[in-house]
Amino acid sequence: MPLWEHVVGYEEENPAVIKALQCGYPRFFVHPLVSKLFDLARESSCKRDERALVLPSLASAKRCAQFVNGRIGVTPKVEEWAGGMALVIAPQVHWRELMLFWRVCGEVVSSRRAEAALQERFEASPSSADAKLMIRDRLAKLTGQDASDVYLFPSGIAAIYASHRLVTEFLPGRKTMQIEFPYVDVLKVQQEFGSGVEFVANPDGGGVDAARRLAAAGDLSGVFCEVASNPQLRTADLAGLAGVLGPEGIPLVVDDTVSTCFNVDAFQHADVVTMSLTKFFSGVGDVMAGAMIVKNDSPHNAAFKRILDEIYQDDLWGSDASVLEKNSRDFSTRMEKINANAEAVYDSLSERTDLVEHLWYPKGETPELYRAIQRKGGGLGGLFSLLLKDPKRNAPRFYNALRVSKGPSLGTNFTLACPYMLLAHYPELDWSDKLGIDRHLLRVSVGLEDPEDLCRRFHAAFDVL
């Protein structure tokens, strides 16, 4: 979506834009091979007015059916299907509810698994088990944890969803708390499931006072935050939060997708760390995966492992794991370059005070809280956001002129930009405006290109304003 009007057209379901899209982010745009798999399931298992959502396992399908029932009071049919997959079958009019589960919970059937199923290849290759072991071992070494405490998922948000099930099973009947404005579906998971969420955006004091209040009331099952937050690149006070939560036996869950485990050590204070392996860990942008890691010396480790023995199922398709293992071999060296490039671009744009209203990046947002968990040799990550002066006029013109790839993801080896709030919060822009996040904010994920060339591209886009 190279132009601003393409993004708006996509959000408003403009037929010309929708028709032009060949593929997209898999949780939001059904891959053509996955669409063929859905059609096959419909032909084989549905009545005339029904549709079938294909999910990676029977356990996932049962969760989907329960979710749909909670929203509309109708319980879809659940059936086991070929190759360990399962179907959730409901009237056509409820398809949006089925797809909402797919999007928000991320328990997706990947295009590689769909391709295999369409070719009636239902068994993963033997080498994929080795790939998963290597990924777990790689993540364990990067984080200083045990490989046995690393759990893999078909997407990053699926790991978030699992961590939410984990803490609400551990302390049932209580709310969760979200500290700092998060990636959209991190909040949606907490709103759609469990006993509710208390959302604290842009808190003073790193969110500690808000957590203390709810913890003291005995109404808190866990606190969620991101390092750094997406898209404001702020860091919560993890040490302060752990100091409040630890004595009350309340777990702290941190997602380090944006900063990555190469740059920060969230396990200094977190009981659980989640990450989207789709992003920087892979870099290539051709595979979906996620991970949840339980801290090996967390006081909750044994209880968490018992719960996970009951609720966890490895739904990461084998060939996806094989691709991810290959992609992630040079993760650390790529992050060193991305860190340097992003800081160089940020520093260059910081000089344009004539046109830039605000830049968000850990160097300028809660820097002392970020530095407190930064690893030796780690950097500031590859993501920043910017708001231009006179944004209603200037943001679309700047975006249209910017000569980098355009799209809704992050963490690719190539630079990627998007009008983030339009893509993530289009139906609720008035709400996000009130929280101080302007709808014209642009988010940039910096890649491996030559930094001087990248800076020239950004400054060339300023020239059209």
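Residues numbered from 1 in each chain as written. Predicted model: local features only at pLDDT ≥ 70, side-chain atom pairs only at ≥ 80, totals over all residues. Heavy atoms only, no water.

Brief notes about the overall build of the protein chain
(1) Moving on: The helix and strand tally for the protein chain stands at 19 helices and 15 strands.
(2) Moving on: Along the first, second and third principal axes, the C-alpha set of the protein chain runs to 60 × 55 × 45 Å.
(3) Moving on: Sorting the 465 residues of the protein chain into buried and exposed places 58% on the buried side.
(4) Moving on: Pairs at least 24 apart in sequence give 73% of the contacts found in the protein chain among residues at least 6 apart.
(5) Moving on: Summed over its atoms, the accessible surface of the protein chain is roughly 18,300 Å², and 49% of this surface lies on carbon and sulfur atoms.
(6) Moving on: Charged side chains of the protein chain number 51 positive and 61 negative; the gap between the two group centres comes to 3 Å. (Helix = DSSP H or I, 4+ residues; strand = E, 2+ residues; numbered from the N terminus. Buried < 20%, exposed > 50% of the residue type's maximum accessible area, 1.4 Å probe, protein only. Contact = heavy atoms within 4.5 Å. Areas by Shrake-Rupley, 256 points an atom, 1.4 Å probe, with all protein chains shown as cover. Lys, Arg positive; Asp, Glu negative; His and termini not counted. Charge placed at Lys NZ, Arg CZ, Asp CG, Glu CD.)

Considering the packing of aromatic side chains
(1) Moving on: Taken as a whole and assessed by the stated rule, the structure comprises 20 aromatic pairs.
(2) Moving on: Each ring, one from Phe 101 and one from Tyr 161, has its centre 6.1 Å from the other, and the planes form 85°; the classification is edge-to-face. Of the two residues, Phe 101 is situated in helix H5 (residues 95-105) and Tyr 161 in helix H8 (residues 156-170); the sequence distance between them amounts to 60 residues. Across the pair, exposure class does not vary: Phe 101 and Tyr 161 are buried alike.
(3) Moving on: Here the basic side chain of Arg 165 rests over the ring of Tyr 161, its NZ or CZ set 4.4 Å away from the ring centre. (Phe/Tyr/Trp six-rings, centres within 6.5 Å; stacked < 30°, edge-to-face > 60°. Lys NZ or Arg CZ within 6 Å of the ring centre and 35° of its normal.)

Considering the side chain of Gln 190
(1) Moving on: Note on placement: Gln 190 falls in helix H9 (residues 184-192).
(2) Moving on: Polar side-chain contacts of Gln 190 include one of 2.9 Å to the side chain of Thr 176.
(3) Moving on: Within the structure, Gln 190 has its side chain in polar contact with the backbone oxygen of Val 186 (distance 3.1 Å).
(4) Moving on: Not counting chain neighbours up to four residues away, the residues in contact with Gln 190 comprise His 164, Thr 176, Met 177, Gln 178, Gly 196, Val 197 and Phe 224. (Polar contact = N/O pair within 3.5 Å; in protein donor to acceptor, adjacent residues only side chain to side chain.)

What to know about the packing of H8 against helix H12 (residues 301-311)
(1) Moving on: For the pair H8 and H12, the least separation of the axes is 10 Å and the interaxial angle reads 120°. Considering the angle they form, H8 stands oblique to H12. In terms of crossing hand, the pair formed by H8 and H12 is right-handed. Note on element contacts: H12 touches H8 through Ala 303, Phe 304, Ile 307, Leu 308 and Ile 311, opposite Ala 162, Arg 165, Leu 166, Glu 169 and Phe 170.
(2) Moving on: In terms of residue class, the contact of H8 with H12 is built from eight nonpolar, no polar and two charged. (Axes fitted to C-alpha atoms, helices over the stretch in contact; angles between N-to-C directions. Parallel < 35°, antiparallel > 145°, perpendicular 65-115°, else oblique. Left-handed = near helix turned anticlockwise from the far one by under 90°. Nonpolar A, V, L, I, M, F, W, Y, C, P; charged D, E, K, R; others polar.)

With respect to helix H11 (residues 238-245)
(1) Moving on: Considered for burial, the residues of H11 that qualify are Leu 238, Gly 240, Leu 241, Val 244 and Leu 245. Looking straight down H11, one finds its buried side chains confined to an arc of 160°; they lie on one side.
(2) Moving on: Where H11 is buried, its residues meet strand S5 (175-179), helix H10 (208-216), strand S7 (220-226) and strand S8 (252-255). (Arc of directions from axis to C-beta.)

Thoughts on the sheet that holds strand S9 (residues 272-276)
(1) Moving on: With respect to topology, seven strands assemble into an open sheet ordered S4-S10-S9-S8-S7-S5-S6, the strand pairing being mixed. Two strands in the sheet have a free side with no partner beyond their single neighbour: strand S4 (150-153) and strand S6 (197-200). Here the strands of the sheet are splayed against their neighbours by 20° on average, with no regard to which way each runs.
(2) Moving on: Note that S7 and S8 share four bridges and pair parallel. Its bridge partner lying in S8, Val 223 is registered against Leu 252.
(3) Moving on: The sheet contacts of H9 involve S5, S6 and S7, and relative to S5 the element is tilted by about 165°. (Pairing = 2+ DSSP bridges.)

Thoughts on the packing of helix H4 (residues 58-72) against H5
(1) Moving on: The interhelical angle for the contact between H4 and H5, taken along N-to-C directions, is 125°, at an axis separation of 10 Å. With respect to H5, the element H4 is oriented oblique. Along this stretch, H4 crosses H5, giving a crossing that reads as right-handed. For the pair formed by H4 and H5, the contact residues are Ser 60, Arg 63, Cys 64, Phe 67, Val 68, Arg 71 and Ile 72 on the first element and Glu 97, Leu 98, Leu 100 and Phe 101 on the second.

Considerations on the environment of Ala 424
(1) Moving on: Take Ala 424: it is sitting in helix H17 (residues 420-425).
(2) Moving on: Accessibility expressed as a relative area gives 17% for Ala 424, which makes it buried.
(3) Moving on: In this structure, the C-alpha to C-alpha distance between Ala 424 and Leu 324, residues 100 residues apart in sequence, is 26 Å.

Here we look at the sheet that holds strand S2 (residues 77-80)
(1) Moving on: An order of S1-S3-S2 is seen for the three strands of this open sheet, with the pairing classed as antiparallel. Every other strand in the sheet has two partners, leaving strand S1 (50-55) and S2 as the edge strands with one partner each. If you compare each strand with its neighbour and ignore which way they point, the axes differ by 25° on average.
(2) Moving on: Strand direction decides the pairing type here: S1 and strand S3 (residues 86-91), joined by six bridges, are antiparallel. Its bridge partner lying in S3, Glu 50 is registered against Pro 91.

Section: the state of the cysteines
(1) Moving on: What the rule picks out here adds up to zero disulfides.
(2) Moving on: Lacking any disulfide linkage, Cys 46 is separated from the closest cysteine sulfur, that of Cys 64, by 13 Å.
(3) Moving on: Of all cysteine sulfurs in the structure, the one in Cys 225 sits closest to Cys 261, which takes part in no disulfide; the separation is 16 Å.
(4) Moving on: For Cys 261, a relative accessible area of 3% puts it in the buried group. (Disulfide = S-S within 2.5 Å.)

Quick word on the pattern of salt bridges
(1) Moving on: For the coordinates displayed, the defined rule picks out 29 salt bridges.
(2) Moving on: Salt-bridge contacts for Lys 363 lead to Glu 343; the nearest nitrogen and oxygen are separated by 2.9 Å. Here the residue Lys 363 occupies a position in the loop between strand S11 (356-360) and helix H15 (367-371), and Glu 343 occupies one in helix H14 (residues 331-350), the gap between them amounting to 20 residues.
(3) Moving on: By relative accessible area, Lys 363 is classed as partly exposed at 31%.
(4) Moving on: Notably, a salt bridge pairs Arg 457 with Asp 453, separated by 2.9 Å at the nearest N-O pair. Of this pair, Arg 457 and Asp 453 both sit in helix H19 (residues 451-462), four residues apart, which is roughly one turn of that helix.
(5) Moving on: Three or more residues joined by partner-sharing salt bridges are found here, namely Arg 27, Arg 103 and Asp 185. (Salt bridge = Lys/Arg side-chain N within 4 Å of Asp/Glu carboxyl O.)

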